[in-house]
Amino acid sequence: MIEPSGRRERKKAATRQKIADTALRLFLERGYDAVGIRDVAAEADVAVTTLFSHFVSKEALVFEQDEDFEHRLAQAVTDRAPHEPLIPALRHEMQALVRHCAADSAAPIWRMIDASPALRQYEESMRLRHAESLATAIAADLDLPQTTTACRTLARFVIDAHSLAREAADPEAAVDEIFRMIEAAWEATGL
């Protein structure tokens, strides 16, 4: 997660985290559908308007690290060493993200997401947005004038690797297997 630098930013980040932690606790205790926005705001001791200044929707409360996830993938492309190949950099970042999301402590959250059509739909739209962001970063890294089909395809494969690996018996081995296929496909593009 990106660390805020100023006092005001740290306070905002602390409030945001308090709201997210409270929401997740309530969702896991009572069930996602049984908890309303007002319940979360009251329990976190913030106004509903404050909650909405940090989160655009109830679903966003569950995916509170959404922006961090998106940023980390783009950074894996833009911040790698000058001669470091693209695919290994993305594989390394995806392994870290999958490790975090496949931890035993995350299992109840994923069960909740899988049980809720609204959360599954939100996750899908989030993944598409992440893929577009990653495709844009890849195209910029390659000095392409626009995001190509190859860039979009690679980005979607990388984003989908997260879901596939998270559900595998051995998530890290799944990431390696998926990225071997991604690397072969990327090499075939000639970019």
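Above: the structure in question.
Remember, predicted model here, so these are calculated numbers, not experimental data.

Student: So, the layout of surface pockets: which residues are in play, and what are the values?
Tutor: Counted as a void, the largest pocket has a volume near 580 Å³. Contributing to the lining of the largest pocket are 28 residues, with Val62, Gln65, His100, Cys101 and Trp110 lying nearest its centre. Contributions of two or more residues to the lining of the largest pocket are made by helix H1 (7-30), helix H4 (58-62), helix H5 (66-78), helix H6 (86-101), helix H7 (107-115), helix H8 (117-141) and helix H9 (149-167).

Student: Give me the environment of Ala139: which residues, what numbers.
Tutor: By secondary structure assignment, the location of Ala139 is in helix H8. Residue class for Ala139 comes out buried when judged on its relative accessible area of 3%. The spacing of Ala139 and Tyr32 is 107 residues in sequence and 38 Å in space, taken between C-alpha atoms. Each residue touching Ala139, except ones within four places of it in the same chain, is listed here: Leu144, Gln146, Thr147 and Cys151.

Student: Just give me the short version of unusual backbone geometry, but keep the residues and values in it.
Tutor: With phi around 60°, Asp45 is a residue other than glycine that occupies positive phi space. Tracing the backbone shows Asp45 in the loop between helix H2 (37-44) and helix H3 (48-54). The backbone phi angle of Asp143 is positive, close to 55°, even though this residue is not glycine. As for its position among the elements, Asp143 is in the loop between H8 and H9. Judged by relative accessible area, Asp143 falls into the exposed class, the value being 69%.

Student: I'd like to hear about the nonpolar core, residue by residue, with values.
Tutor: It is characteristic of soluble globular proteins that their nonpolar side chains tend to be buried jointly. Leu90, Leu154, Val158 and Phe179 are the most contacted members of the largest nonpolar core, which totals 30 residues. Contributing elements (two or more residues each) for this core: H5, H6, H8, H9 and helix H10 (171-189). With 7 residues, H9 is the single largest residue contributor to this core. In contact with Leu90, not counting residues within four places along its chain, are Leu73, Ala76, Val77, Leu134, Leu154, Val158 and Phe179. With 27 residues, the next largest nonpolar core counts Leu26, Tyr32, Ala60 and Ile113 among its residues.

What counts, and at which threshold
- Residues numbered from 1 in each chain as written.
- Predicted model: local features only at pLDDT ≥ 70, side-chain atom pairs only at ≥ 80, totals over all residues.
- Heavy atoms only, no water.
- 1 Å grid on protein atoms, 1.4 Å probe; cavity = no way out; pocket = protein on both sides within 12 Å on 5 of 7 lines; lining within 4 Å.
- Points joined across faces, edges and corners; volume = space filled by probe spheres on them.
- Helix = DSSP H or I, 4+ residues; strand = E, 2+ residues; numbered from the N terminus.
- Buried < 20%, exposed > 50% of the residue type's maximum accessible area, 1.4 Å probe, protein only.
- Contact = heavy atoms within 4.5 Å.
- Core = buried A, V, L, I, M, F, W, Y, C linked by side-chain atoms within 4.5 Å.

Geometric descriptors of this kind do not, in isolation, establish any biological role.
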